[in-house]
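Here is how the chains run, residue by residue.
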Amino acid sequence: MFKKLRGFRDIYPEEMRARREVINKIYSVAISFGFQEIDAPSVELLDLFRVKSGEEIVKQTFSFVDKGGREITLIPELTPTVARMLVAKKNIVKPVKWFSFPKMWRYEEPQSGRLREFYQFNADIFGVEKIYADAEVIALAMEILDSLGLSEKYVMKVSDRILMEEILQNMDVRDMDMAFKIIDKKDKMGEEEFIDAIKGFVPEENVDALLEILSIKGNFENVLNKFEESNRIRTLLNLSDILKGYDKKVIWDFSVVRGLAYYTGIVFEAHDYKGELRALLGGGRYDNVVELFGGPKTPAVGFGMGDAVLEILMKRENLWPEEKIWVDYFIAILPDHRKEAIEIATKLRRKGYSVDIDLMERSLGKQMKYANRINAEKVIIVGDEVNDGYVILRDMESGEQKKIRIDSIP
Ligand code: HAM
C-alpha cells in the first residue's frame, strides 16, 4: 500500500463539501469588491522567484531540472507570476484588480497550519499609488474573514516598511533586507536567540531601543501621534480613517514587517485573536516588482491567505461547515423500471437538483440504506405505479411517504 507524502492532504468528499462552501463564500466576497478572477501556471522558471522574493522562499521550492535542462519549480507563491502576467498584457485598463485561489507548494517542515501543498487565495491591485488601494485590499481581506463568521476571532495588524526603515536608519541599521528577515522571525525565536540575531544588524547600544519599538502595538492614533508629524504619518493615519469607512478596525504593530523581500510600504497580517496560530494571511505593497520584471513602473498591493490556518481557526471556533455529503434526491428502482427512473432523474438534474440513482440493482431495502448513507433529502421509488404515471415520494427526514403523480414531483 502506498502512503501519501508528508505535508500533503487527501481530501475526501465530506471534507471537500465543507471546504467548497468556504471557498464559494471567499469567491463571492472577492467578486462583490469588483475583483476579477485569473488563473496561472503551477510551474514557473525558478529564476522568477530569484528576482525579488528572497532567498528563503527559493530555498523552500519544489524545483527540478526539466527535460530541456531548464530549472523549473512548482510555484511557492503567486505574486511574481501575477506581476509577470501583468507585464505580458499590453494596454491593460488600470486599476487592475485580480484574484485567484491556486494551489502552491513549499518545502517547509510540515506543522500545524504549514503544509507542503496548500491553497492560497490571492488578491492584488495594480496601478494605484494612493493609499486607497491598500485600504481596499485590507478591507477585502477583513470582509472575507468577517463573512466566514470570524469577526471577533482575529486581529488585523498593520505596519509600514517606509516608517520602519526610517526608524532603523536612525538606529544605524544598514542591511534592511536582513533586518526585515530577522524581525519577521521574531515570534518563532526565543527571546535570547532573537536578541543575538538582531545584534547582527543593529549596533549593541541600539538593541534595547529596537526591542522597545518592536513591542509597540495598539490603536493607530495612539501609536502614530507620538511621532513627529510628516507626510507619511498623515498617510498612515488616513489609512486607518478610510478603513473606518469600510467598518473595519485595524491595529498598529511594528513587529509586522513580512518576510518576503519585495515589500515597499504598508505591510499587514491577520492573526487569530488568541495568538495561538501562525498568520492567517499576509500582504502589503510592492511597488517595484512589475518594473523589475520589465514592465513600466506600476504600484501594486495585495495579500495571500492560505486555507490551512483558516481551517484550523474556523474549526476551533466551531465555524467550519459540517463535513457531510448529501443529495437532493435518490431514485430507487424496482425491477424493470430503469428506463422511467432515468427519465425522472434526467428531468430533475436538468432543473438543477443533485440526483443520485441506483446503479447496482440492489434490493429496495439496500437502496434505502444507501440513500440514508448519502443523506438524500428525498427518495423517489420507481415501481409498478409508474405504468399509471405515479411514483412513491419519501421524505427522508420525516419518514413520510406518499404516492404522487410524476408530473407533480417538486
Ligand atoms: P506569505 O506570507 O508567504 O505571503 O504567505 C501568505 C499566506 O499563505 C500565509 O499567511 C499563510 O496563510 C499561507 N501560507 C504560507 N505558507 C504556507 C504553508 N507552508 N502552508 C500553508 N499555508 C501557507 C505570500 O505568499 C505573498 N505572495 C502574499 C502577497 C500577495 N503579497 C502581495 N500579494
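Keep in mind that what you see is a predicted model, and the values were worked out from it rather than measured.

Student: Describe the sheet that holds strand E2 (residues 43–45), and please don't skip the residues or the numbers.
Tutor: Pairing is antiparallel in the open sheet, where three strands are placed in the order E2-E4-E3. The open sheet has two edge strands with one neighbour each: E2 and strand E3 (63–65). Across the sheet, the axes of successive neighbouring strands diverge by a mean angle of 35 degrees, strand direction being ignored. Relative to strand E4 (residues 71–74), E3 runs antiparallel, the two sharing three bridges. Within E4, the residue paired with Phe64 across the bridge is Ile72.

Student: An account of the domain arrangement of the chain is requested, with residue identities and associated values reported.
Tutor: On domain assignment, one finds that the chain holds domain 1 (13–316) and domain 2 (327–408). Here domain 1 and domain 2 have C-alpha centroids that lie 51 Å from each other.

Student: I'd love a proper account of the packing of helix H1 (residues 13–32) against helix H5 (residues 131–147), names of residues and values included.
Tutor: Where H1 contacts H5, the axes come no closer than 9 Å and their chain directions differ by 140 degrees. One finds that H1 runs oblique with respect to H5. Every pair of crossing elements has a handedness; the one defined by H1 and H5 is right-handed. Two secondary-structure elements touch here, H1 through Lys25, Ile26, Val29 and Ala30 and H5 through Leu140, Glu143, Ile144 and Ser147. Class assignment for the residues of the contact of H1 with H5 results in five nonpolar, one polar and two charged.

Student: Talk me through a negative patch on the surface; I want residue IDs and the actual numbers.
Tutor: A surface patch of like charges, here negative, comprises Glu191, Glu192, Glu193 and Asp196. Here Glu192 shows up in helix H8 (residues 191–198). Overall, Glu192 belongs to the exposed group, its relative accessible area being 69%.

Student: I'd like a rundown of helix H4 (residues 79–88), residues and numbers included.
Tutor: With eight of ten residues buried, H4 is to be regarded as a mostly interior element. All of the buried residues in H4 are Thr79, Pro80, Thr81, Val82, Ala83, Met85, Leu86 and Val87.

Student: Just give me the short version of a positive patch on the surface, but keep the residues and values in it.
Tutor: Residues Arg362, Lys366, Lys369 and Arg373 make up a contiguous surface patch of positive charge. With respect to the helices and strands, Arg373 occurs in helix H15 (residues 364–373). By relative accessible area, Arg373 is classed as exposed at 69%.

Student: I'd like a description of the packing of aromatic side chains, backed by residues and values.
Tutor: Per the stated rule, a full pass over the model turns up 18 aromatic pairs. Ring geometry for Trp98 against Phe126: centres 6.3 Å apart, planes inclined by 65 degrees, an arrangement best described as edge-to-face. Highlighted residues: Trp98 in strand E5 (residues 96–100) and Phe126 in strand E7 (residues 117–126), separated in sequence by 28 residues. Each member of the pair, Trp98 as well as Phe126, is classed as buried. Members of the aromatic cluster, each reached through a chain of ring pairs, are Tyr27, Phe99, Phe101, Tyr119, Phe121, Phe268 and Phe303. It is Arg161 that lies over the ring of Phe180; its NZ or CZ is 4.3 Å from the centre. Against the face of Tyr390 rests Arg405, its NZ or CZ located 5.2 Å from the ring centre.

Student: How would you explain the site of the ligand if you had to name every residue and give the values?
Tutor: Inspection of the region around the ligand gives 26 residues, with Glu77, Thr79, Glu108, Asp124 and Tyr263 positioned closest. Separating a nitrogen atom of the ligand from a side-chain N or O atom of Glu77 is a distance of 2.5 Å. The contact in question runs from a nitrogen atom of the ligand to an N or O atom on the side chain of Tyr262, over 2.9 Å. In isolation the ligand exposes 660 Å². Once the protein is present, 96% of that is buried. Put simply, the parts of the chain that give the shell around the ligand at least two residues each are E7, strand E12 (281–285) and strand E13 (300–306). Among the residues forming the shell around the ligand, the class breakdown is eleven nonpolar, nine polar and six charged.

Student: Could you give me a rundown of the nonpolar core, with the residues and numbers involved?
Tutor: Core analysis: the largest hydrophobic core is formed by 77 residues, its most contacted members being Phe121, Ile138, Met156, Met164, Phe303 and Leu310. In terms of residue count, the dominant contributor to this core is H5 (eleven residues). Apart from residues lying up to four places away in sequence, Leu310 is in contact with Val22, Ile26, Leu145, Leu148, Leu150, Leu280 and Met305. Of all hydrophobic cores here, the second largest spans 31 residues; its members include Phe62, Leu78, Leu86 and Trp105.

What counts and how
Residues numbered from 1 in each chain as written. Predicted model: local features only at pLDDT ≥ 70, side-chain atom pairs only at ≥ 80, totals over all residues. Heavy atoms only, no water. Pairing = 2+ DSSP bridges. Helix = DSSP H or I, 4+ residues; strand = E, 2+ residues; numbered from the N terminus. Axes fitted to C-alpha atoms, helices over the stretch in contact; angles between N-to-C directions. Domains from an automatic or database assignment. Parallel < 35°, antiparallel > 145°, perpendicular 65-115°, else oblique. Left-handed = near helix turned anticlockwise from the far one by under 90°. Contact = heavy atoms within 4.5 Å. Nonpolar A, V, L, I, M, F, W, Y, C, P; charged D, E, K, R; others polar. Patch = residues over 30% accessible without salt bridge, like charges linked within 9 Å, V, L, I, M, F, W, Y side chains within 5 Å. Areas by Shrake-Rupley, 256 points an atom, 1.4 Å probe, with all protein chains shown as cover. Salt bridge = Lys/Arg side-chain N within 4 Å of Asp/Glu carboxyl O. Lys, Arg positive; Asp, Glu negative; His and termini not counted. Charge placed at Lys NZ, Arg CZ, Asp CG, Glu CD. Buried < 20%, exposed > 50% of the residue type's maximum accessible area, 1.4 Å probe, protein only. Phe/Tyr/Trp six-rings, centres within 6.5 Å; stacked < 30°, edge-to-face > 60°. Lys NZ or Arg CZ within 6 Å of the ring centre and 35° of its normal. Near = heavy atom within 4 Å. Polar contact = N/O pair within 3.5 Å; in protein donor to acceptor, adjacent residues only side chain to side chain. Core = buried A, V, L, I, M, F, W, Y, C linked by side-chain atoms within 4.5 Å.

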